[in-house]
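The primary structure of each chain is shown beneath.
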Amino acid sequence: MRITNNLLYTNFTVNYSTSMDKLYDINNQISSGRKIQYSFQDSSVYIDTMRLDYEETTLNQVKESSSKAKTFANNTDDVLSQFMTSLDTFKTKLLQAANEVHSDTSIEAIANDLEGLRNHIKALANTSINGQF
């Protein structure tokens, strides 16, 4: 094969054009921070990106759900603890009222305390945590 100036020029322009295209693609990647702009440029990268986006979304949903469940469990534990304390106090007041050594005003005071405890227990039973009772 004979090497002519036209062949050298053609090879030079093809190589130059290819290099400029690659340089343009690399500059686009650097400026945008993305390896590809469109799905047809590299389908394997696009598929991996879509899979990772899906997994990220799923993990964020799991994280949010577990956070809500933890908050609900902690709040439920606190409410049940208060409920048990109130019931113990209620039981103690009932036992105090059962004694016959109290005067009428003392029994009325105990009755008022029991009424307050009853209202407090009702309020605890109607506690709403994230819209759930």
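Structure: above.
Only a predicted model underlies this, so the values are computations on that prediction, with no experimental measurement involved.

Notes on the overall build of the protein chain
Working step 1: Looking only at helices and strands, the protein chain has three helices and zero strands in total.
Working step 2: Reading the protein chain from its N terminus to its C terminus gives the helix and strand order α-α-α.
Working step 3: The globule rule puts the C-alpha radius of gyration for 133 residues at 14 Å, and the 38 Å found for the protein chain is more than 25% above it.
Working step 4: Taking the principal axes of its C-alpha atoms as reference, the protein chain extends roughly 125 × 20 × 15 Å.
Working step 5: Looking at the protein chain as a whole, 8% of its 133 residues qualify as buried.
Working step 6: Put simply, of all contacts in the protein chain between residues at least 6 apart along the chain, 54% involve residues at least 24 apart.
Working step 7: Accessible surface, the protein chain as shown: approximately 11,100 Å² in total, 56% of it carbon and sulfur.
Working step 8: On the protein chain, the mean spot of the 12 positive side-chain charges and the mean spot of the 16 negative ones are 11 Å from each other.

A look at a nonpolar patch on the surface
Working step 1: On the surface, Tyr9, Phe12, Tyr16, Met20 and Leu23 cluster together into a nonpolar patch covering about 570 Å² of accessible area.
Working step 2: Mapped onto the elements, Tyr9 comes out in helix α1 (residues 5–32).
Working step 3: By relative accessible area, Tyr9 is classed as exposed at 54%.

A word on α1
Working step 1: Relative to the 40 Å expected for 28 residues at 1.5 Å per residue, α1 spans 40 Å between its end C-alpha atoms, a close match to the ideal helical length.
Working step 2: The positive-phi residue at the C-terminal boundary of α1 is Gly33, with phi of around 80°.

Details of the packing of aromatic side chains
Working step 1: Scanning the entire structure with this criterion turns up one aromatic pair.
Working step 2: Each ring, one from Phe12 and one from Tyr16, has its centre 6.2 Å from the other, and the planes form 20°; the classification is stacked. One end of the pair, Phe12, and the other, Tyr16, are both in helix α1, four residues apart, so they sit about a helical turn from each other.
Working step 3: Accessibility expressed as a relative area gives 48% for Tyr16, which makes it partly exposed.

Topic: the packing of helix α2 (residues 43–98) against helix α3 (residues 104–125)
Working step 1: Two elements in contact, α2 and α3, have axes separated by 10 Å at closest approach and are oriented at 160°. Taken together, the axes of α2 and α3 lie roughly antiparallel to each other. Along this stretch, α2 crosses α3, giving a crossing that reads as left-handed. In this structure, α2 uses Val79, Gln82, Phe83, Ser86, Leu87, Thr89, Phe90, Lys93, Leu94, Gln96 and Ala97 to contact α3, whose residues at the interface are Ile110, Asp113, Leu114, Leu117, Arg118, His120, Ile121 and Leu124.
Working step 2: Residue classes in the contact of α2 with α3 are distributed as eleven nonpolar, five polar and three charged.

What to know about the pattern of salt bridges
Working step 1: Going through the model one piece at a time under the given rule, you end up with five salt bridges.
Working step 2: Across the pair Asp48 and Arg51 runs a salt bridge, and its minimum N-O distance is 4.0 Å. Placement of the pair is Asp48 and Arg51 together in helix α2, with a separation of three residues, close to one helical turn.
Working step 3: Taking the relative accessible area as the measure of exposure, Arg51 reaches 40% and is therefore partly exposed.

Basis of the calculations
- Residues numbered from 1 in each chain as written.
- Predicted model: local features only at pLDDT ≥ 70, side-chain atom pairs only at ≥ 80, totals over all residues.
- Heavy atoms only, no water.
- Helix = DSSP H or I, 4+ residues; strand = E, 2+ residues; numbered from the N terminus.
- Rg over C-alpha atoms; globule rule 2.2 N^0.38 Å.
- Buried < 20%, exposed > 50% of the residue type's maximum accessible area, 1.4 Å probe, protein only.
- Contact = heavy atoms within 4.5 Å.
- Areas by Shrake-Rupley, 256 points an atom, 1.4 Å probe, with all protein chains shown as cover.
- Lys, Arg positive; Asp, Glu negative; His and termini not counted.
- Charge placed at Lys NZ, Arg CZ, Asp CG, Glu CD.
- Patch = residues over 30% accessible without salt bridge, like charges linked within 9 Å, V, L, I, M, F, W, Y side chains within 5 Å.
- Salt bridge = Lys/Arg side-chain N within 4 Å of Asp/Glu carboxyl O.
- Expected span 1.5 Å × (residues − 1).
- Phe/Tyr/Trp six-rings, centres within 6.5 Å; stacked < 30°, edge-to-face > 60°.
- Axes fitted to C-alpha atoms, helices over the stretch in contact; angles between N-to-C directions.
- Parallel < 35°, antiparallel > 145°, perpendicular 65-115°, else oblique.
- Left-handed = near helix turned anticlockwise from the far one by under 90°.
- Nonpolar A, V, L, I, M, F, W, Y, C, P; charged D, E, K, R; others polar.

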